[in-house]
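Structural description and commentary
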2 protein chains.
Amino acid sequence: MAKIAILGFGTVGSGVYEVLCRNAASVSRRAGEPVEVKYILDPKDFTGNPVEPLVVKNIDVILQDPEIRVVVETIGGTRFAYPYVKACLESGRSVCTSNKEMVATYGAELLALAKEHDCAFLFEASVGGGTPIITPMHQCLAANVITEVEGIVNGTTNFMLTKMVREGLDFEDALHIAQELGYAETKDPSDDVDGRDACRKIAILSSMVCGHQIYPQNIPTRGIRAITAADVASAEKLGCVIKLIAWMKLGKDGSVAAGVEPCLVPKANQLASVDDVFNAVLVKGDMLGDVVFYGKGAGKLPTASAVVADVVDALKNGAQVHDSLFWQPADPVDGMLTDPAPAAYYVRVAGIAPAVVEAIYGYGKVVDERYEGCAYFVERADERALAEAARKVEAVGGSVKLVLKRLPEEV
Amino acid sequence: MAKIAILGFGTVGSGVYEVLCRNAASVSRRAGEPVEVKYILDPKDFTGNPVEPLVVKNIDVILQDPEIRVVVETIGGTRFAYPYVKACLESGRSVCTSNKEMVATYGAELLALAKEHDCAFLFEASVGGGTPIITPMHQCLAANVITEVEGIVNGTTNFMLTKMVREGLDFEDALHIAQELGYAETKDPSDDVDGRDACRKIAILSSMVCGHQIYPQNIPTRGIRAITAADVASAEKLGCVIKLIAWMKLGKDGSVAAGVEPCLVPKANQLASVDDVFNAVLVKGDMLGDVVFYGKGAGKLPTASAVVADVVDALKNGAQVHDSLFWQPADPVDGMLTDPAPAAYYVRVAGIAPAVVEAIYGYGKVVDERYEGCAYFVERADERALAEAARKVEAVGGSVKLVLKRLPEEV
């Protein structure tokens with residue numbers, strides 16, 4: 001009988017408890033022994049709840065119980081989660097977490113702690129919710145150099161953009177629906193809509209690929225607030241849909257570029273048909289070519305089932321799993337991990353005439369001119385050229401409202 | 001330094017050697033030590049080839065060398081592969097293979113041997129080529145009951161059907177192109193086009209899901225020979241494409257159904273857009289919902305990279321990995337693993353008038369009547385009703401040329 005503890009009994013934490021109860025037989029078969037939750041750490045009151053006898057208020061109860069071999073962390077954030085997880089790893093307990101913020105910020109340190117104390121630090125649920133992404137990507141890494149990762153990793157914004165495409169809604173209306181359905185936070189949806197959640201996830205995947213910590217603050221991140229129904233319609237004219245893409249590229253010289261930004265995705269591209277709350281991550285390996293992992297991103301039970309899979313892995317393989325995901329500590333770099341490669345771009349410029357926009361951006365075409373200004377498609381430009389063009393636009397009294405890179409067609 | 005041997009230096013075997021050379025640095029980092037090929041077992045002559053000094057003609061050389069920890073089997077078939085692999089496992093060497101025929105036929109026995117001798121028997125490359133499917137599916141299985149698997153697992157037939165859809169070709173022309181491009185065997189393409197290759201793959205996935213051996217001979221298997229350009233056009237009228245689908249379902253009572261058959265796939269279904277030589281496997285978990293693993297199926301280096309990933313796994317985790325994929329021996333069942341659930345069907349009937357077809361099949365509509373007979377879409381029927389209808393068709397002098405189940409729209 002393996003005993004575990006759950007830190008934080010919110011949506012995911014209570015989901016872990018539910019999965020362990022409902023699929024006790026198959027979990028036990030896979031883990032080689034039954035798995036029992038002995039403690040739940042949570043400040044809330046659970047009077048009358050069947051889990052009430054398990055609830056403790058002090059992490060020390062868990063740290064001092066030698067029966068506890070694995071700890072699940074589903075508190076979220078870093079204020080409590082980080083010191084608790086550190087203490088667990090230092091005491092030799094394996095930790096399984098869904099906490100992307102903590103992994104993106106302290107991953108290297110926590111992985112090193114786990115190695116030092118001969119236990120595992122696992123976080124499959126931190127990217128893609130229940131969809132296996134971290135483990136198969138690690139598997140690809142065994143025999144491949146991964147050169148590129150490109151994904152839709154935030155279900156909330158993907159749901160909103162799907163609504164905007166299908167029903168011609170504007171950002172605010174799509175957000176309202178997402179909030180009503182519980183897909184977006186009502187109080188402050190900015191982690192999702194401004195791309196911070198996606199940024200943490202691509203930071204985690206980038207760290208795996210590069211073998212050293214890549215920090216969210218070095219990844220240029222833009223969300224979807226500036227997207228209008230008119231942009232969606234213009235994208236359609238260009239044979240594309242708009243998706244929030246999190247990406248990373250590893251150069252032959254070891255250089256790393258990464259970003260989170262809304263992009264034009266040509267309809268022939270495999271990511272174009274990833275709709276609603278689904279997530280998909282495309283991985284390019286030098287031996288393997290392209291593979292895609294696709295599934296419903298978030299949700300209580302899917303995410304919890306990924307955490308439980310990690311628990312089984314930690315119980316069975318202990319310290320040996322952890323090596324697999326190892327990346328080295330590194331300092332944040334100065335500046336941003338931008339990509340100098342040219343691409344096709346969509347720009348929306350306000351306040352100046354289409355002819356002026358055309359003169360400034362060059363090779364391309366006006367896609368839409370329903371207001372003063374226009375939506376313009378530039379066939380080929382790089383970040384420097386775009387910055388230079390933006391300065392010229394401002395110099396003549398206009399302003400650049402939106403810039404969308406177009407992804408390649410293939411895939 | 002880990003020493004390994006490769007049995008069979010054909011396409012995949014030489015690919016394994018190439019991947020180990022080209023990505024030696026990353027393989028060594030992941031495995032925790034450099035990996036060196038010490039022997040290659042192959043009856044062919046390799047005079048002048050750089051691998052010549054490694055070539056041996058007798059398996060005993062490998063079995064008697066205590067330095068060899070892992071053996072790669074890429075001979076194919078079962079005549080030599082099966083006794084060699086048995087001997088390796090009995091001597092405590094882990095075996096990594098891409099040989100679907102051997103795994104589908106002798107999987108349970110070889111897994112049990114590996115367990116007994118404290119080594120691993122791994123076969124990621126046997127399904128989906130380089131695309132990780134076995135490992136992430138096993139990961140899903142840790143916390144989920146998998147209720148359904150549905151996939152496109154044969155790149156050759158998928159390439160041919162894609163050609164037939166896009167270019168209106170008939171079966172024979174599409175086969176000819178596939179042979180010219182090296183996607184289909186020139187001498188005898190029947191393993192691919194008659195569905196036997198897909199059958200072995202779904203037998204392997206079914207065995208994993210069920211926890212006991214499911215045999216290819218119990219899985220009803222039909223290939224794509226009967227598909228005509230007219231069927232493809234009729235499918236289009238019904239908003240569908242034709243794909244060769246390998247599927248399995250686990251009933252709540254533990255009953256198993258499986259099949260390989262060309263199906264109508266509605267365009268909204270995630271599998272409809274899996275084209276060319278790509279493979280995709282959809283897995284439904286009770287906690288997780290749907291996940292899809294997608295990638296280029298076959299190819300020398302992709303497949304080899306999956307074998308190398310298994311080698312790394314075997315070196316690092318040894319016997320502990322193997323448990324994960326374990327399924328129990330079982331005898332083949334009497335009869336076939338058919339599914340009694342009703343579905344919508346497309347039937348093509350020759351030799352009798354459309355009005356007679358309509359009278360026999362009932363609720364439905366004529367889709368095409370360009371010849372004596374017609375293509376008919378039946379809204380709801382089960383296997384028994386279809387068999388009964390086929391008898392009636394024959395009684396009035398007609399014959400059923402093709403039956404295609406329609407997959408559901410969702411996903």
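Every chain is numbered independently, its residues counted from 1 as its sequence is written. Lettering for chains starts from A, numbering for ligands starts from 1, and both go in the order in which the items are written. Reporting of local features is limited, given that this is a predicted model, to residues whose pLDDT is at least 70; pairs of side-chain atoms are given and counted only at 80 or more, and all residues count toward the totals for whole chains, interfaces and linings. Side-chain metrics rest on all non-hydrogen atoms present in the structure, leaving aside hydrogens and water.

Going by an unreviewed UniProt entry, chain A carries the name Homoserine dehydrogenase and comes from Faecalibacterium intestinale. UniProt positions are given in the numbering used here, feature names are shortened, and annotations may be inferred rather than shown by experiment. As its UniProt record puts it under Sequence similarities (unreviewed entry), chain A is described as follows: "Belongs to the homoserine dehydrogenase family."

Quick word on the UniProt feature "domain: Aspartate/homoserine dehydrogenase NAD-binding" (unreviewed entry) in chain A
Feature annotation in UniProt assigns "domain: Aspartate/homoserine dehydrogenase NAD-binding" (unreviewed entry) to the following positions: residues 8-124 of chain A. Numbered from the N terminus, helices here are DSSP runs of H or I no shorter than four residues, and strands are runs of E no shorter than two. Annotation note: span residues 8-124 of chain A, helix share 44%, strand share 18%, distance between end C-alpha atoms 18 Å.

What to know about the environment of V103 of chain A
All names here are of chain A. On the secondary structure map, V103 appears in helix 5 (residues 100-116). In the structure, V103 is positioned 155 residues away from A258 in sequence and 17 Å away in space, judged by C-alpha atoms. Here, two residues are considered to be in contact whenever any of their heavy atoms come within 4.5 Å of each other. Sequence-distant contacts of V103, defined by excluding residues within four places in its chain, comprise T97, F121, F123, I204, Q213 and W327.

Quick word on the nonpolar core
Side chains that are nonpolar tend, in soluble globular proteins, to be buried together. The biggest cluster of nonpolar side chains holds 175 residues, and the ones touching the most others in it are F121 of chain A together with F121 of chain B. What we call a nonpolar core is a set of buried Ala, Val, Leu, Ile, Met, Phe, Trp, Tyr and Cys residues that are connected through their side-chain atoms within 4.5 Å. Only protein chains enter the accessibility calculation, which uses a 1.4 Å probe; a residue whose area is less than 20% of its type maximum is buried, one above 50% is exposed, and one in between is partly exposed. The next biggest cluster of nonpolar side chains, apart from the first, holds 36 residues, and it includes V37, L301, V307 and L315 of chain A.

Let's talk about the pattern of salt bridges
What makes a salt bridge here is a side-chain nitrogen of Lys or Arg within 4 Å of a carboxyl oxygen of Asp or Glu, nothing more. As enumerated under the stated definition, the model contains 52 salt bridges over all chains in all. R225 of chain B is the partner of D194 of chain B in a salt bridge, and the nearest nitrogen-oxygen pair spans 2.7 Å. Highlighted residues: D194 of chain B in the loop between helix 9 (190-193) and helix 10 (196-210) and R225 of chain B in the loop between helix 10 and helix 11 (229-237), separated in sequence by 31 residues. Exposure remark for D194 of chain B: the relative accessible area of 23% places this residue in the partly exposed category. With relative accessibility at 41%, the residue R225 of chain B sits in the partly exposed group. For E388 of chain B, the salt bridge is made with R391 of chain B, and the minimal N-O distance between the two is 2.7 Å. With E388 of chain B and R391 of chain B both in helix 15 (residues 383-395) and three residues apart, the pair spans about one turn of that helix. Among the residues examined, R391 of chain B registers a relative accessible area of 52% and is labelled exposed. Three or more residues joined by partner-sharing salt bridges are found here, namely K3, E36, K38, D65 and E67 of chain A.

Looking at the interface of chain B and chain A
In this complex, chain B contributes 45 residues to the contact, which on the side of chain A involves 45 residues. Two parts placed together each lose some accessible area; with a 1.4 Å probe, that loss summed over both constitutes the buried area. Contact with chain A buries area across many residues of chain B, yet R30, Q139 and M287 of chain B alone supply 19% of it, more than any other trio. Along the contact surface separating chain B from chain A lie zero salt bridges. Tallied by class, residues from the side of chain B that touches chain A come to 22 nonpolar, 15 polar and eight charged. Strands are labelled as partners when DSSP assigns at least two bridges between them. As paired elements, strand 11 (residues 289-296) of chain A and strand 11 (residues 289-296) of chain B share five bridges and run antiparallel to each other. Bridge pairing in strand 11 of chain B links V292 of chain A to Y294 of chain B. For this classification, Asp, Glu, Lys and Arg are treated as charged, while Ala, Val, Leu, Ile, Met, Phe, Trp, Tyr, Cys and Pro are nonpolar and the rest, including Gly, are polar.

Describing the pairing of strand 9 (residues 256-266) of chain B
Residues and elements named next belong to chain B. Where burial is concerned, most of strand 9 is hidden: 11 out of the 11 residues are buried. Taking every second residue as pointing to the same face, both faces of strand 9 are buried, with V256, A258, V260, P262, L264 and P266 on one and A257, G259, E261, C263 and V265 on the other. With 11 bridges joining them, strand 8 (residues 240-250) and strand 9 adopt antiparallel strand pairing. Looking across to strand 9, one finds that I245 is bridged to E261. Hairpin geometry of strand 8 and strand 9 is characterised by an intervening segment of five residues between the two adjacent antiparallel strands and by a positive phi of about 85° at G254. Pairing analysis gives two bridges linking strand 9 to strand 15 (residues 399-406), with the strands arranged parallel. Note on strand 15: the bridge partner recorded for C263 is K405.

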